[in-house]
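Read off the chains here:
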Amino acid sequence: MTSQSHSRRMLAVRAQPAHGESLPSWVDRTAAINGVQRRHMWYHLGLIEDVAEMPVAYGVTLTPNVRTMVEQASGIAEVTIDQMLLSRYAGTAMDMARLDLNDRRTVAAWARTAWAYIWASRACPACLRDSPGVWHLRWKTPWAFVCPDHQAYLIAICPDCGARLQSNTRDGRQQHLCCGSVPETGRGRVDGKPRRRRHTNDICGLEIGQAAQQPADRDAVLLQRRVDMLFDSANDSDTRGKSRQRLTELRSLLTFVLYIGVPGMLSDADPLLRDRFIRHVAVRDAQVPRKGSQAQEAYRSYTLPPSDPLLIAAAVTVAGRLAFADNVADACRRFVDQASGEMPDCKARWRQLDKFWRPPDRFAYSLREARDRHLWAVSASLDGRSQRRHPTARVDSRHVPALMWPDAYSYLSDDVLRAGWEIPSRRFCALALARTVEPALNDWATAAAALGLPEHVAAHCYLLTHRMRADGTGELFHHRLTALTETLNSRTKPIDYRRRRSALTSLTDVPGKDWANVCDAHGFDPHSPKWQRHRVHAAAWLWATLTGGDWHHAPSLGLAQLPAKERRLTTQRYNIYFQQQQLPKIETGMRKLAQTLLRRHRLTGAVESTPFLCE
């Protein structure tokens, strides 16, 4: 951008800015009136310092010095000039922070992220017939796909030669004619002379105002007006923030729709849009790879705005049904049901999309919940679980025991898990619940660490999910797990098991006085060798009961540090000789001691708490 600051001589003859006109359009009309080329008008207005240069971010924004020079040379008020630049939408549709007018390299990057056209433009031929040479500012955004005044779809390319409109950076004739080059030697030049070699008149020459355009149906017109209202709120401080949020959501959802949408979502829309989306899906499914760096590049292509107004209209129609829905959950469910029903290999496409795209916060939970229902119907694996917490969730993995509560385990496992393997199955149910209430735990090993379990327990989870997949019980397990999660969320004061595990890490033995009180209360001698040996077993029971943990990992037993033979003997002594034979004799005193330990460590909650009872 030029750094000139000297005053400019006002143009004697100049065009009057039309309502909604862009600055490049006004410059070309003024240049035509004065009979000069576009670059000479740039120079006179102060947009460039030399006629061989090109303006930086042409039509997007101006530096204060250049704005002053344009105002002096054109006689147009500064506020009017600002309304002719794309920066007028900075409050809603565009973020100007990343645009550096002193660095040309940032312009192309900004154009990709801002969804704006620097040189190219869309057009309404009917508008150009009514107001020759006047190109609207809104046409330089991909969000413009319908002309509400003429109720017709805009065009972006020449119907004769396929060139992008207004894509020639030098030729001012683009105001009225298509200046795309025509390679066919059989066609004459635009001036009627025979075509022998490349010449300035060797262009397509189609009069844009006479180009054919497709009529738009009522729904498309209403949708365009709704989008226009979001743009126009850039100057309204009361609605600017909400409009910016809606446009940001729409843009993110457009990427989602273009990548995973199916034609059935447009079954009740304009047939023109449905047919165009069918062609898009055919090209997409033929080109999008399923994995690797090529998949990432293919995804990135969908973050750029489509050049075809019909395609963007179709995508905005689908995305608008999500963004403007009164009930987001129902809208997301309908979208996912439609996509899962029509798209081949839908699960692989969903997971590929998850690597590159994150849904807007307002739709994250509903979309992933709807998606999860279909993934669980196909597979019992939790690899496709939601990665967003429920917005009203009160609990997380801290409130989940390392071993599922017995009655909750019965509810989850009946007709779902095969008989046997009770301890690994209870661990699996606890880990599945932890991953449900805290979706950030995206694999079994991470969930095990969150519950204080060693990483190797995750191996059982993969085997159990394989069995569930073979049995086809994954969807039933998912529904029961969701019900258990809702019940746990309804508790006002859930137990913090992680805090209990931290506080009781040093519980390697029952204190002598406490042990004497327990034994005396039941008429046993606490100093006898038999009951002395059971002190570590009692400590293991207390730790497992209070922390909701697995007694195999109790600090008092230390099974992980024992050799294999000693580990088997210790397990037998605890499980058979203490838990089955001796614990029933002293269980009342042990539960009183458990309450004492909770008070001693200032821990809240009951000794055992099951949030769910089977019905």
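See above for the structure.
Small disclaimer: the values here were computed from a predicted structure and weren't measured.

Peer 1: Would you mind going over the overall build of the protein chain with me for this structure?
Peer 2: Scanning the protein chain from N- to C-terminus turns up 24 helices and two strands. Burial status across the protein chain gives 52% buried among its 615 residues. The contacts of the protein chain with a sequence gap of at least 6 include a subset with a gap of at least 24, amounting to 69%. As displayed, the protein chain has an accessible area near 28400 Å², and 49% of this comes from carbon and sulfur atoms.

Peer 1: What is the right way to look at the nonpolar core in this model?
Peer 2: Within soluble globular proteins, side chains that are nonpolar generally end up buried alongside one another. One finds Trp 110, Phe 256 and Phe 335 to be the most contacted residues of the largest nonpolar core, which totals 71 residues. Secondary structure elements with two or more residues in this core: helix 5 (105-114), helix 7 (218-232), helix 8 (240-260), helix 9 (271-287), helix 11 (309-323), helix 12 (328-342), helix 13 (346-354) and helix 14 (361-378). With 11 residues, the single largest contributor to this core is helix 11. When sequence neighbours within four positions are dropped, the list of residues in contact with Trp 110 reads Val 60, Met 94, Asp 95, Met 96, Arg 98, Leu 99, Ala 116 and Ile 118. Residues Trp 444, Leu 451, Cys 461 and Ile 495 belong to the second largest nonpolar core, which totals 36 residues.

Peer 1: Explain the environment of Ala 483 here, please?
Peer 2: Relative to the elements of secondary structure, Ala 483 occurs in helix 19 (residues 474-489). Note on Ala 483: relative accessible area 23%, which makes it partly exposed.

Peer 1: Hey, could you run me through the packing of aromatic side chains in this one?
Peer 2: Centre-to-centre distance and the angle between the planes together describe a pair of aromatic rings. If you walk through the whole model with that rule in mind, you get 15 aromatic pairs. Residues Trp 405 and Tyr 497 carry aromatic rings whose centres are separated by 6.3 Å and whose planes lie at 55° to one another, so their mutual orientation is tilted. Placement of Trp 405 in the loop between helix 14 and helix 15 (406-413) and of Tyr 497 in helix 20 (residues 497-503) is noted, with a sequence separation of 92 residues between them. For the pair Trp 405 and Tyr 497, one class covers both residues: buried. Clustering of aromatic rings is evident, with ring pairs tying together Trp 42, Tyr 58 and Trp 119. Over the face of the ring belonging to Tyr 117 we find Arg 164, whose NZ or CZ atom lies 5.3 Å from the ring centre.

Peer 1: Is there a simple way to think about the pattern of salt bridges in this case?
Peer 2: Two side chains that carry opposite charge are able to pair once their charged atoms sit near each other. Tallying each qualifying case throughout the model produces 19 salt bridges. Here Asp 396 makes a salt bridge to Arg 398, at a shortest N to O gap of 3.0 Å. The class of Asp 396 is buried, set by a relative accessible area of 13%. Using a relative accessible area of 30% as the deciding quantity, one classes Arg 398 as partly exposed. In this structure, Asp 550 and Arg 427 form a salt bridge, with 2.7 Å as the shortest nitrogen-oxygen distance. In this pair, Asp 550 sits in the loop between helix 23 (535-547) and helix 24 (564-600) while Arg 427 sits in helix 16 (residues 422-437), placing the two residues 123 residues apart along the sequence. Relative accessible area serves as the criterion here: at 0%, Asp 550 is assigned to the buried category. Where salt bridges share partners, they join Arg 138, Asp 228 and Asp 232 into one cluster.

Peer 1: Is there a simple way to explain the packing of helix 8 against helix 9 in this structure?
Peer 2: The description of two packed helices rests on the angle between their axes and on the distance between the axes. Between helix 8 and helix 9, the shortest axis-to-axis distance is 9 Å and the interhelical angle comes to 70°. One finds that helix 8 runs roughly perpendicular with respect to helix 9. Here Val 257, Leu 258, Tyr 259 and Ile 260 of helix 8 lie close against helix 9, whose contacting residues are Phe 277, His 280 and Arg 284. Grouping the amino acids of the contact of helix 8 with helix 9 by side-chain chemistry returns five nonpolar, one polar and one charged.

Reading the values: rules and limits
- Residues numbered from 1 in each chain as written.
- Predicted model: local features only at pLDDT ≥ 70, side-chain atom pairs only at ≥ 80, totals over all residues.
- Heavy atoms only, no water.
- Helix = DSSP H or I, 4+ residues; strand = E, 2+ residues; numbered from the N terminus.
- Buried < 20%, exposed > 50% of the residue type's maximum accessible area, 1.4 Å probe, protein only.
- Contact = heavy atoms within 4.5 Å.
- Areas by Shrake-Rupley, 256 points an atom, 1.4 Å probe, with all protein chains shown as cover.
- Core = buried A, V, L, I, M, F, W, Y, C linked by side-chain atoms within 4.5 Å.
- Phe/Tyr/Trp six-rings, centres within 6.5 Å; stacked < 30°, edge-to-face > 60°.
- Lys NZ or Arg CZ within 6 Å of the ring centre and 35° of its normal.
- Salt bridge = Lys/Arg side-chain N within 4 Å of Asp/Glu carboxyl O.
- Axes fitted to C-alpha atoms, helices over the stretch in contact; angles between N-to-C directions.
- Parallel < 35°, antiparallel > 145°, perpendicular 65-115°, else oblique.
- Nonpolar A, V, L, I, M, F, W, Y, C, P; charged D, E, K, R; others polar.

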